[in-house]
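Listed below, chain by chain, are the residues.
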Amino acid sequence: DTATTEIYTLSLHDALPILKMDILLFLNQRIIEKVPLFKHADEIFIREVVQFLEPVVFFPEDYIIRQGEFGECMYFLSSGRVEVLANGVKVADLSAGSFFGESSLVHNEKRNASIKALEYCDGYRLSKKRFDELRQKFPEFDRHLKEITASRWKEHTETLQKNEKSHGRLEPTA
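Residues numbered from 1 in each chain as written. Predicted model: local features only at pLDDT ≥ 70, side-chain atom pairs only at ≥ 80, totals over all residues. Heavy atoms only, no water.

Colleague: How should the side chain of Lys 116 be read in this particular structure?
Modeller: Structurally, Lys 116 can be placed in strand β7 (residues 114–117). When its relative accessible area of 11% is taken as the criterion, Lys 116 is described as buried. For Lys 116, the side chain forms a polar contact with the side chain of Glu 61, separated by 3.0 Å. Other than its neighbours up to four places away in sequence, Lys 116 contacts Glu 61, Asp 62, Tyr 63, Val 82, Glu 83 and Leu 85. (Helix = DSSP H or I, 4+ residues; strand = E, 2+ residues; numbered from the N terminus. Buried < 20%, exposed > 50% of the residue type's maximum accessible area, 1.4 Å probe, protein only. Polar contact = N/O pair within 3.5 Å; in protein donor to acceptor, adjacent residues only side chain to side chain. Contact = heavy atoms within 4.5 Å.)

Here it is as structure tokens:
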């Protein structure tokens, strides 16, 4: 009967966004569990962010980010390892659960380091537009990001100064 078909179609249509969200949460469960930035986030924030994540793959030796370019996104590493290079000097290694590229988005500046894949990497990309939306909607996320970028900048600077003192100048990695 037509009335039953209309009710069924309407209820299926209403259920699709819920089903889509459940699928997104399931598919992104690994990255949500690995990334410290998401560890204490509330469910509303997690539901919002998983809608915005775009899967990406990188090969060994790929430059994911180049120092000096303008930031259009940030990344979350699901698997693999990357190295962080500042002025050609290796300042850190990052692995699954790490995120990078947020600093230039937070401060609206050029990238302060390059990120190079050391092996095959799977991850997710979050565009600047979506990043800014999340910061505006979730002030706690914004505050936490500012703390992280300040801490990373301090570590970054200390590593470069330490390298400079031990070598007399900065030594680029090969």
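Let's pick the thread back up.
Colleague: I keep staring at the environment of Lys 137 and nothing clicks. Help me out?
Modeller: When you line up the elements, Lys 137 lands in helix α6 (residues 128–137). A sequence separation of 92 residues divides Lys 137 from Phe 45, and the C-alpha atoms of the two residues are 8.9 Å apart.

Colleague: Can you walk me through the pairing of β7 in this structure?
Modeller: Consecutive side chains along a regular strand alternate between the two faces of the sheet. Burial of the side chains of β7 extends over both faces: Ser 114 and Lys 116 are buried on one face and Ile 115 and Ala 117 on the other. Where strand β2 (residues 63–65) and β7 come together, two bridges link them in antiparallel fashion. Across the sheet, residue Ile 65 finds its bridge partner in β7, namely Ile 115. Looking at chain direction, strand β4 (residues 81–86) and β7 are connected through four bridges and run antiparallel. Across the sheet, the residue bridging to Leu 85 is Ser 114, located in β7. (Pairing = 2+ DSSP bridges.)

Colleague: So what exactly am I meant to see when it comes to the nonpolar core here?
Modeller: Here is a general trend for soluble globular proteins: nonpolar side chains tend to be buried in one another's company. Core analysis: the largest hydrophobic core is formed by 24 residues, its most contacted members being Leu 37, Phe 38 and Phe 76. Elements with a minimum of two residues in this core: α2 (29–34), α3 (36–39), α4 (43–52), β3 (73–79), α5 (102–107), β8 (121–127), α6 and α7 (139–167). At five residues, α4 tops the list of elements feeding residues into this core. Aside from chain neighbours lying at most four places away, what touches Phe 76 is Ile 31, Val 35, Leu 37, Phe 38, Leu 53, Ser 98, Phe 99, Asp 122, Gly 123, Tyr 124 and Leu 126. Ranked by size, the runner-up nonpolar core spans 17 residues in total, among them Phe 58, Ile 64, Tyr 75 and Ala 117. (Core = buried A, V, L, I, M, F, W, Y, C linked by side-chain atoms within 4.5 Å.)

The quantities given are spatial measurements derived from coordinates; they are silent on function.
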